[in-house]
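# Examining the three-dimensional arrangement
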Amino acid sequence: QVQLVESGGGLVQAGGSLRLSCAASGRIGSITAMGWYRQAPGKQRELVATISVIGDTNYADSVKGRFTISRDSAKNTVYLRLNSLKPEDTAVYYCNSRDFLPRDYWGQGTQVTVSS
């Protein structure tokens, strides 16, 4: 099992920035990739960004150039830096980890609200 705890969401004006953190614990050695997804009201959960254990990153087109995913392996923590935020970025952001099976684990989610 892998446990994920997110933090860093909040309310920000359009054009502002936030940093989300996701701390992983448990069977860390089984993780092959971690990432962030988001779900806006009335919409399906969508991929935002992922990072593999070797550092390869992947971004949704809608966030490329604005969001940056990174990790601190020593702290078992993944970060998502959100810059140039837009109202359409408003959503609950979920941390995800995937193991070798593959099996997905999810955090509880953190709310990001961008006001216009």
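The preceding data block contains the structure.
None of the values given here were measured: they were computed from a predicted structure.

## A short note on the layout of surface pockets
To locate leftover empty space, one rolls a probe as large as a water molecule over the atoms. Estimated volume of the largest pocket: approximately 200 Å³. In terms of lining residues, the largest pocket is bounded by 13 residues, among which I31, M34, V53, R71 and S73 are the most central. For the lining of the largest pocket, the element with the most residues is strand β4 (residues 31–39), which contributes 3 residues. Among the residues forming the lining of the largest pocket, the class breakdown is 7 nonpolar, 4 polar and 2 charged.

## Describing unusual backbone geometry
Residue L101 is joined to P102 through a cis peptide bond whose omega torsion reads 5°. If you check the backbone angles, N76 has positive phi at about 50° while not being a glycine. Here N76 is to be found in the loop between β7 (67–72) and β8 (77–82). Under the relative-accessibility criterion, N76 is labelled partly exposed at 30%. The phi dihedral of S84 falls on the positive side, at around 50°, and the residue is not glycine. Along the chain, S84 turns up in the loop between β8 and β9 (91–99). S84 sits in the partly exposed class, given a relative accessible area of 41%.

## Some words on the state of the cysteines
By the definition in use, this model includes 1 disulfide. What pairs with C22 in a disulfide is C95, and their sulfur atoms sit 2.0 Å apart. Between C22 and C95, the disulfide has an S-S torsion of -80° and is therefore left-handed. With C22 in strand β3 (residues 18–26) and C95 in strand β9, the pair connects residues that are 73 residues apart, well separated along the chain.

## Here's the deal with the packing of aromatic side chains
Using the criterion set out here, one finds 1 aromatic pair in the structure. A cation over an aromatic ring shows up here: R45 above the ring of Y94, its NZ or CZ 3.7 Å from the ring centre. The ring of W106 carries R45 above its face, with NZ or CZ at 4.6 Å from the centroid.

## What to know about the side chain of R38
Within the secondary structure, R38 is located in strand β4. Polar side-chain contacts of R38 include one of 3.4 Å to the side chain of S62. Within the local environment of R38, its side chain forms a polar contact with the side chain of Y93, the two groups lying 2.9 Å apart. With residues near it in sequence (within four places) discarded, R38 still touches Q44, R45, E46, V48, S62, V63, F67, E88, D89, A91, V92 and Y93.

The rules we used
Residues numbered from 1 in each chain as written. Predicted model: local features only at pLDDT ≥ 70, side-chain atom pairs only at ≥ 80, totals over all residues. Heavy atoms only, no water. 1 Å grid on protein atoms, 1.4 Å probe; cavity = no way out; pocket = protein on both sides within 12 Å on 5 of 7 lines; lining within 4 Å. Points joined across faces, edges and corners; volume = space filled by probe spheres on them. Helix = DSSP H or I, 4+ residues; strand = E, 2+ residues; numbered from the N terminus. Nonpolar A, V, L, I, M, F, W, Y, C, P; charged D, E, K, R; others polar. Buried < 20%, exposed > 50% of the residue type's maximum accessible area, 1.4 Å probe, protein only. Disulfide = S-S within 2.5 Å. Phe/Tyr/Trp six-rings, centres within 6.5 Å; stacked < 30°, edge-to-face > 60°. Lys NZ or Arg CZ within 6 Å of the ring centre and 35° of its normal. Polar contact = N/O pair within 3.5 Å; in protein donor to acceptor, adjacent residues only side chain to side chain. Contact = heavy atoms within 4.5 Å.

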